[in-house]
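Inside the fold
As a plain string of letters, each chain reads:
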Amino acid sequence: MNDKTEELRDIFTDVTDGEETVTESQENTRGSLERDERSDADRLESVVQQMRERYEFETELSDDELIRVARAFYDGTSDAKIAAELGVEAAEVFEARLSLHLVGEDDADEVDLAAIRDREEDDTTLAAEYDVSEAQIRRYRRVADAKDQSRAANDRYRDEFDSILADADLSERMTSDLREDGLEDATEGMETDVDF
């Protein structure tokens, strides 16, 4: 053994406390993205419970029903259809969605929320000004409040719903697309109309 090899052996022996071999446990990871080990159902339940503790929900729906509302919202189901499935009024589903910070693109498209957000006038005055009903003004104000509440929480709950529900849907579609693409690649150039 030369001097360098001897020196390296001594360093190795010092570092390993005299052990002959050094092994490190390895993690068996699949892919490069971190994944929460809890199930999607557990994660959804956790988000709903955190929000219920932090905010005063004005809904009588249970946590399970709120999770159903969230899932249906991400599936593009209307409030009326969700309400019919739950046996409640559409207004109850609307309130539940906003309590969960799940504001749809068409919830307040007729009136600029910024215009009514800080207005002190009563609903009757604003309804006349914008030529909509008082119920619509109340709805728009509720949407504005939900957006403000979500923004104050840095949209973290909405982001969590996105992560669980939108990403799951995207992942499912990507997996399906990959399977189809792989099948196309595997069968490309094959004769499928063979006469025996």
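Calculation rules
- Residues numbered from 1 in each chain as written.
- Predicted model: local features only at pLDDT ≥ 70, side-chain atom pairs only at ≥ 80, totals over all residues.
- Heavy atoms only, no water.
- Helix = DSSP H or I, 4+ residues; strand = E, 2+ residues; numbered from the N terminus.
- Salt bridge = Lys/Arg side-chain N within 4 Å of Asp/Glu carboxyl O.
- Buried < 20%, exposed > 50% of the residue type's maximum accessible area, 1.4 Å probe, protein only.
- Axes fitted to C-alpha atoms, helices over the stretch in contact; angles between N-to-C directions.
- Parallel < 35°, antiparallel > 145°, perpendicular 65-115°, else oblique.
- Contact = heavy atoms within 4.5 Å.
- Nonpolar A, V, L, I, M, F, W, Y, C, P; charged D, E, K, R; others polar.

For the protein, an unreviewed UniProt entry supplies the name Conditioned medium-induced protein 4 and the organism Natrinema altunense.

1. Section: unusual backbone geometry
With phi around 65 degrees, H101 is a residue other than glycine that occupies positive phi space. Although it is not a glycine, D131 sits at a positive phi angle of roughly 60 degrees. With respect to the helices, strands and loops of the structure, D131 is situated in the loop between α7 (123–130) and α8 (134–152).

2. Some points on the pattern of salt bridges
A complete count under the given rule lists 15 salt bridges for this structure. As a salt-bridge pair, E6 and R9 come within 2.6 Å of each other at their nearest N and O atoms. Separated by three residues within a single helix, E6 and R9 lie in helix α1 (residues 3–15), roughly one turn from each other. Here R9 falls in the partly exposed class, since its relative accessible area comes to 40%.

3. Concerning the packing of α7 against α8
Across the interface, α7 lies against α8 with an axial gap of 8 Å and an inter-helix angle of 100 degrees. Relative to α8, α7 is oriented roughly perpendicular. Contacts between α7 and α8 involve D123, T124, L126, A127 and Y130 from the former and E134, I137, R138 and R141 from the latter. Split into classes, the residues belonging to the contact of α7 with α8 amount to four nonpolar, one polar and four charged.

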